[in-house]
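# Summary of structural features
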Amino acid sequence: MEPVLQAHRPLVVGVAAVAPLVACGVLSLFRDSVANTNAALGLVLLIVAAASTGIRTAGLVAALSSAACFDFFLTEPHNQFVITDRADIETAVLLMLVGVAVTEVALWGRRQQARASRERGYLDGVLSTAATVGAGRSSTRSLIDRVCEQIVDVLKIDRCRFDPGGGPVLATLDNDATMTYNGHPFDVGRLGLPTDSEIALVTRSGGVARGQFLLTAATRVVKPTPEQLRVAVALADQVGAALAASDHDAQPPGSTS
């Protein structure tokens, strides 16, 4: 639903501006029977509806339009942008403040929902890969390719490749989802992933290195969250488990590792 609203953003903002105008115009016909406080509560509902679209401009425009129309239609002197009653002034100001607050709370809630949805998607990817490893339904090569695609998607990087040799690389994403660069701690949250070097993500099983994924983020600065980095490490370790199982299966009967 939200992508549809975003695609019709000008229309949504226009409706957010006009709805309070229509509502106040209708309420002005019943000034003697509808208290201004009740009218203001009705306008708050319109503001909440506009804010719930996830479009900040719509919520703010609805708040501004509500305050202006409340002033023009429902306060004395009527049909003028003048308010003489202190209570009405306070109500108009509160309409604006509530509109801004509701809009920001609604946007915060949507961001949290989107974050939870992304994290669930990351978890689903890890569980799916783990199930594939456990069931042995995929060749090691196709599993590595799949994990590379997932890491690229999770971290929003340019590309990923697997190096079975594990040669030295300037930047390393460690098993605890922290990063080192040239032997020193590197703050990914502040600086983003290094763009001047491939990033080594070692895949392990039972504490034994089984190769490494080499990550490239050269075209733009990306700042993955700690959760995203942990997901990438978990995905890499699934490949480590698959490689360990493959090595075990390849051993002749009676041999020891």
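These numbers were taken from a predicted model, which means no experiment stands behind them.

Once that is clear, we can look at the confidence of the model for the protein. The pLDDT averaged across the protein works out to 83; a share of 83% of its residues lies at or above 70. Note on residues 250-257: pLDDT is under 50 here. Beyond four places in sequence and across chains, it has 2 contacts.

Further remarks concern the pattern of salt bridges. Side chains carrying opposite charge are able to pair once their charged atoms draw close together. Under the criterion given, the structure shown has 8 salt bridges. As a salt-bridge pair, arginine 86 and glutamate 90 come within 3.4 Å of each other at their nearest N and O atoms. Of this pair, arginine 86 and glutamate 90 both sit in helix α5 (residues 86-135), 4 residues apart, which is roughly one turn of that helix. On the basis of relative accessibility, which here comes to 66%, the residue arginine 86 falls in the exposed class. In this structure glutamate 90 comes out as partly exposed when scored by relative accessible area, which is 42%. One salt bridge in this structure joins aspartate 187 and arginine 190, with 3.8 Å as the shortest N-O distance.

The grouping of Val18, Val22, Val26, Leu29 and Phe30 at the surface amounts to a nonpolar patch, some 480 Å² of accessible area in total. Residue position: valine 18 is located in helix α2 (residues 9-27).

Judged by nonpolar contacts, the single largest core of 33 residues is most densely connected at Ile151, Leu155, Ile157, Leu193, Leu201, Phe213 and Leu215. Sorting the residues of this core by element identifies α6 (140-155), β1 (159-163), β2 (171-173), β3 (179-181), β5 (199-205), β6 (208-216) and α8 (226-250) as the ones contributing at least two each. Every residue in contact with leucine 201, bar those within four places of it in the chain, is listed here: Ile151, Leu173, Gln212, Phe213, Leu215, Ala232, Val233 and Ala236.

Below, the discussion takes up helix α4 (residues 56-74). The first and last C-alpha atoms of α4 sit 26 Å apart over 19 residues, in line with the 27 Å expected at 1.5 Å per residue. When α4 is considered as a whole, its buried residues turn out to be Ala58, Gly59, Ala62, Ala63, Ser65, Ser66, Ala67, Cys69, Phe70, Asp71, Phe73 and Leu74.

Our next topic: the sheet that holds β2. One open sheet holds the 6 strands; their spatial order is β1-β6-β5-β2-β3-β4, and the pairing between them is mixed. In the strand order of this sheet, the two ends are held by β1 and β4 (184-186), each with one partner. Pairs of neighbouring strands in the sheet enclose a mean axial angle of 30°, with direction left out of account. Sheet analysis places β1 next to β6, joined by 5 bridges and oriented antiparallel. Pairing of arginine 161 across the sheet is with leucine 214, part of β6. Against the sheet, α6 makes contact with β1, β5 and β6, and its axis sits at roughly 145° relative to β1, the strand it touches most.

What follows covers the packing of α2 against α4. Between α2 and α4, the shortest axis-to-axis distance is 8 Å and the interhelical angle comes to 20°. By the angle between their axes, α2 is roughly parallel relative to α4. Seen from above, α2 lies across α4 with right-handed handedness. Across from Arg9, Val12, Val13, Ala16, Ala17, Pro20, Leu21, Cys24, Gly25 and Leu27 in α2, the residues of α4 making contact are Thr57, Ala58, Val61, Ala62, Ser65, Ser66, Cys69, Phe70, Phe73 and Leu74.

Before going further, it helps to spend a moment on the environment of arginine 230. Looking at where arginine 230 falls in the secondary structure, it is placed in helix α8. Sequence separation of arginine 230 and aspartate 174 is 56 residues, and the distance between their C-alpha atoms is 9.6 Å.

So, on to the side chain of aspartate 163. Of note, aspartate 163 is situated in strand β1. Here glycine 165 takes part through its backbone nitrogen, which lies 3.0 Å from a polar atom of the side chain of aspartate 163. Sequence-distant contacts of aspartate 163, that is, excluding residues within four places in its chain, are made with Gly211, Gln212 and Leu214.

As enumerated under the stated definition, the model contains 4 aromatic pairs in all. Considering the side-chain rings of tyrosine 181 and phenylalanine 186, the 5.6 Å spacing of their centres and the 40° angle between planes classify their relative orientation as tilted.

Criteria and thresholds
Sequence positions are assigned chain by chain, starting from 1 and proceeding in written order. Where totals are concerned, whole chains, interfaces and linings use all residues; where local detail is concerned, this predicted model gives features only for residues with pLDDT of at least 70, and gives and counts side-chain atom pairs only at 80 or more. Side-chain measures were taken over the full set of non-hydrogen atoms in the model, leaving aside hydrogen atoms and water. Each residue carries a pLDDT score, the predictor's own confidence in it, on a scale running from 0 to 100. Two residues form a contact once any of their heavy atoms are found within 4.5 Å. Whenever Lys or Arg places a side-chain nitrogen within 4 Å of a carboxyl oxygen from Asp or Glu, that contact is recorded as a salt bridge. Each helix corresponds to a stretch of at least 4 residues labelled H or I by DSSP, and each strand to a stretch of at least 2 residues labelled E; elements are numbered beginning at the N terminus. Under the scheme applied here, a residue whose accessible area is under 20% of the maximum for its type counts as buried, over 50% as exposed, and between as partly exposed, the area being computed with a 1.4 Å probe on protein chains only. Candidates for patches are residues over 30% relative accessible area with no salt bridge; among them, like charges are joined within 9 Å and nonpolar side chains (Val, Leu, Ile, Met, Phe, Trp, Tyr) within 5 Å. Per-residue and other accessible areas follow the Shrake-Rupley method at a 1.4 Å probe size, with only the shown protein chains counted as cover for residues. Here the nonpolar core consists of buried residues drawn from Ala, Val, Leu, Ile, Met, Phe, Trp, Tyr and Cys, with membership extended through side-chain atoms lying within 4.5 Å. In this analysis, the expected span of each helix is defined as 1.5 Å times one less than the number of residues it contains. Here, a strand pair is defined by DSSP locating no fewer than two bridges between the strands. To define axes, lines are fitted to C-alpha atoms, for helices over the stretch in contact only, and angles between the resulting N-to-C directions are given on a 0 to 180 degree scale. Angle categories: roughly parallel below 35 degrees, roughly antiparallel above 145, roughly perpendicular from 65 to 115, and oblique for all the rest. Each helix crossing is assigned a hand: it is left-handed if the near helix lies turned anticlockwise from the far helix by less than a right angle, otherwise right-handed if that turn is clockwise. Pairing of N or O atoms within 3.5 Å defines a polar contact, subject to two protein rules: one partner must be a possible hydrogen donor and the other a possible acceptor, and residues neighboring in sequence count only if both atoms are side-chain atoms. In this analysis, rings of Phe, Tyr and Trp, with Trp reduced to its six-membered ring, are considered paired at centre separations within 6.5 Å, and the interplanar angle assigns stacked below 30 degrees, edge-to-face beyond 60, and tilted for intermediate values.

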